[in-house]
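Listed here are the chains, written in short residue letters.
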Amino acid sequence: MKPEIKRKKGDRAWWFVCGWATAALLIAILLYVSGGIAARVLYMKGVIRDGSRTLSVIESAYTPLNGVYSYNPTFRRLFDSCVTFFVPELKEEK
């Protein structure tokens, strides 16, 4: 007969590591999208000027977000609604 193997409390620690890794990934994605929203709001309010170096850096940093914005109408609607929350003048134009 084989001796019975006793389980330690650390056997399930990998579940916690996977949970924290998933949470960290989701937080990073949400921070990236919120940075894009903040950049759009600052541009709409005139803080970031058209043709400035800051705008070109922001455009290059948020190129992947622009791709999702261009091809996903649900994401576009949610993103624009978040922007209109901070810039209510856009709601009146539509």
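Residues numbered from 1 in each chain as written. Predicted model: local features only at pLDDT ≥ 70, side-chain atom pairs only at ≥ 80, totals over all residues. Heavy atoms only, no water.

A. Representation of the overall build of the chain. Each helix and strand in the chain was counted, giving five helices and zero strands. Taking all 94 residues of the chain together, the buried fraction comes to 18%. The long-range fraction of contacts in the chain, counting pairs at least 24 apart against all pairs at least 6 apart in sequence, stands at 55%. Surface accessibility of the chain: about 8,300 Å² in total, with carbon and sulfur atoms responsible for 65%. (Helix = DSSP H or I, 4+ residues; strand = E, 2+ residues; numbered from the N terminus. Buried < 20%, exposed > 50% of the residue type's maximum accessible area, 1.4 Å probe, protein only. Contact = heavy atoms within 4.5 Å. Areas by Shrake-Rupley, 256 points an atom, 1.4 Å probe, with all protein chains shown as cover.)

B. Structural view of the layout of surface pockets. Its volume calculated, the largest pocket comes out at about 370 Å³. Residue assignment for the lining of the largest pocket shows that the elements contributing at least two residues are helix H1 (13-44), helix H2 (53-61), helix H3 (63-71) and helix H4 (73-86). Looking at the lining of the largest pocket, its residues break down into ten nonpolar, three polar and three charged. (1 Å grid on protein atoms, 1.4 Å probe; cavity = no way out; pocket = protein on both sides within 12 Å on 5 of 7 lines; lining within 4 Å. Points joined across faces, edges and corners; volume = space filled by probe spheres on them. Nonpolar A, V, L, I, M, F, W, Y, C, P; charged D, E, K, R; others polar.)

C. Region of interest: the packing of H1 against H4. Between H1 and H4, the least distance of the axes is 9 Å, while the angle of their chain directions is 55°. Relative to H4, H1 is oriented oblique. Crossing handedness for the pair H1 and H4: right-handed. In this structure, H1 uses Val 33, Gly 36, Ile 37, Arg 40 and Val 41 to contact H4, whose residues at the interface are Phe 75, Phe 79, Asp 80, Cys 82, Val 83 and Phe 86. Classifying every residue of the contact of H1 with H4 by side-chain character gives eight nonpolar, one polar and two charged. (Axes fitted to C-alpha atoms, helices over the stretch in contact; angles between N-to-C directions. Parallel < 35°, antiparallel > 145°, perpendicular 65-115°, else oblique. Left-handed = near helix turned anticlockwise from the far one by under 90°.)

D. Main features of the packing of aromatic side chains. Under the definition given, this model contains four aromatic pairs. Judged by centre distance (5.5 Å) and plane angle (70°), the rings of Tyr 69 and Phe 79 are edge-to-face. Here the residue Tyr 69 occupies a position in helix H3, and Phe 79 occupies one in helix H4, the gap between them amounting to ten residues. Taken as a pair, Tyr 69 and Phe 79 share a single burial class, namely buried. With a centroid separation of 5.1 Å and 85° between ring planes, the pair formed by Phe 85 and Phe 86 is classed as edge-to-face. What makes Phe 86 partly exposed here is its relative accessible area of 45%. The ring of Tyr 69 carries Arg 40 above its face, with NZ or CZ at 5.0 Å from the centroid. Sitting over the face of the ring of Tyr 69, Arg 76 holds its NZ or CZ atom 5.0 Å from the ring centroid. (Phe/Tyr/Trp six-rings, centres within 6.5 Å; stacked < 30°, edge-to-face > 60°. Lys NZ or Arg CZ within 6 Å of the ring centre and 35° of its normal.)

E. Local environment of the nonpolar core. Core analysis: the largest hydrophobic core is formed by nine residues, namely Val 33, Ile 37, Val 41, Leu 65, Tyr 69, Phe 75, Phe 79, Val 83 and Val 87. Mapped onto this core, the elements with two or more residues apiece are H1, H3 and H4. Once residues lying within four places of it in the same chain are set aside, the contact partners of Val 33 are Leu 65, Phe 75 and Phe 79. (Core = buried A, V, L, I, M, F, W, Y, C linked by side-chain atoms within 4.5 Å.)

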